Amino acid sequence: MKRFFLHGALKAFFFCCFLSAAFLKSPLFASEKLSKAAQNKIDEFMTLRMTVSTLPNNDAILSAIDSFDISGGASFSEEEELILENFVLLERYNYLKDDSKNKEFLRTSLKAQKEKCDAWLKANKKEVPNKWLCVTYADTISCYISFSVSDVIKYGLSIKDYYLKAYAQDENASYVLTNLAQWYYWAPKLNGGSRKKAGEYFEKAVKAARTDAERYFADIFLSQYLFETGDKERSATLLREAKSYCPESHYVALIEGANKDGLSFFAWSKKHSSMDGKPED
């Protein structure tokens, strides 16, 4: 059984970059901060993302995700609810996408969530969306366009744009830095990709991590980047540190196995991806 902790569709990053040259349209000012309750709920979900990696199979993982209480009794704004809904859908996608029978369900679900975000952005076009909406919206687009070349062409331009909008608001947001680093990692040089920039953002993500879960994911990504660049000693150190936050993690065990076979987890993921190398139409 394949397990992927990578948030969003790495293959979608890879495909869309061939067909787009994303850009930051204008300087941005940070929108109103999320409520403390909403930030706490996001942090709680990030912890869940880490701890579900200890569960025995996808059914148990999906059950844990589905049991997550988005509201927790708090009263969130529409924007905050969208952010949390995006997170939950994206995490379910990670554990459903390798079974072909889920393809249409995922495509329909991602389209509906994207359109829901689109409607909010249109209705609030005079406001700058919060960094968490920017980054999870970009993730949602990335996953959605993985099903169709026409959607890659239509929506691919906006992915990096929204990551940069999130980064413009907060240069010390670990989750944003990790996703922006992935974009630079997978994008061809012709479209702005840069392994060097990816490494810089992976490094920043580790330094910026606020919680154990953020540090766990940031450590893993940086460790695998360093594995590829030849710094095996520091890579192993970071992977051990990630494991200290979640000792029974199947993700870390899988990565350790890939590294023993001479593969970074990036290379392992590409090799074992259920996708055939391109969207369908």
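If you're wondering where the values come from, they're calculated on a predicted model, not measured in any experiment.

Caption draft 1: Fine view of helix α9 (residues 174-186). Taking 1.5 Å of rise per residue, the 13 residues of α9 would be expected to cover 18 Å, and the 18 Å separating its terminal C-alpha atoms lies within 8% of that figure. Among the 13 residues of α9, 13 are classified as buried, and the element is accordingly described as predominantly covered.

Caption draft 2: Looking closely at the pattern of salt bridges. A complete count under the given rule lists 15 salt bridges for this structure. Salt-bridge contacts for Lys116 lead to Glu85; the nearest nitrogen and oxygen are separated by 3.0 Å. With a gap of 31 residues between them, Lys116 in helix α5 (residues 103-123) and Glu85 in helix α4 (residues 78-96) connect regions that are remote in the sequence. Taking the relative accessible area as the measure of exposure, Glu85 reaches 23% and is therefore partly exposed. Two residues, Asp99 and Lys101, come together in a salt bridge whose shortest N-O distance is 4.0 Å. Exposure remark for Lys101: the relative accessible area of 68% places this residue in the exposed category. What emerges from the salt-bridge pattern is a single network uniting Asp43, Arg210 and Glu214.

Caption draft 3: Seen up close, the side chain of Asn86. With respect to the helices, strands and loops of the structure, Asn86 is situated in helix α4. Given a relative accessible area of 0%, Asn86 falls into the buried group. Engagement of the side chain of Asn86 in a polar contact is seen with the side chain of Gln113, the distance being 2.8 Å. Once you skip the residues sitting within four places of it in the chain, Asn86 turns out to touch Gln113, Cys117, Leu133, Thr136, Tyr137 and Thr140.

Analysis parameters
Counting restarts for each chain, with residues numbered from 1 along the sequence as it is written. pLDDT decides what is reported in this predicted model: residues at 70 or higher carry local features, side-chain atom pairs at 80 or more are listed and counted, and totals for whole chains, interfaces and linings draw on all residues regardless. Heavy atoms throughout the structure, all of them, feed into the side-chain values; hydrogens and water do not. Starting at the N terminus, helices and strands are each numbered in turn, a helix being any DSSP run of H or I of at least four residues and a strand any DSSP run of E of at least two. By this rule the span expected of a helix is its residue count minus one, scaled by 1.5 Å. The rule is simple: take the accessible area with a 1.4 Å probe, protein chains only, and divide by the maximum for that residue type; under 20% is buried, over 50% is exposed, in between is partly exposed. One speaks of a salt bridge when a side-chain nitrogen belonging to Lys or Arg is within 4 Å of a carboxyl oxygen belonging to Asp or Glu. Think of a polar contact as two N or O atoms within 3.5 Å of one another; within protein, one of them needs to be a possible hydrogen donor and the other a possible acceptor, and neighboring residues in sequence only count if both atoms come from side chains. By the convention used here, residues are in contact when the closest approach between their heavy atoms is within 4.5 Å.

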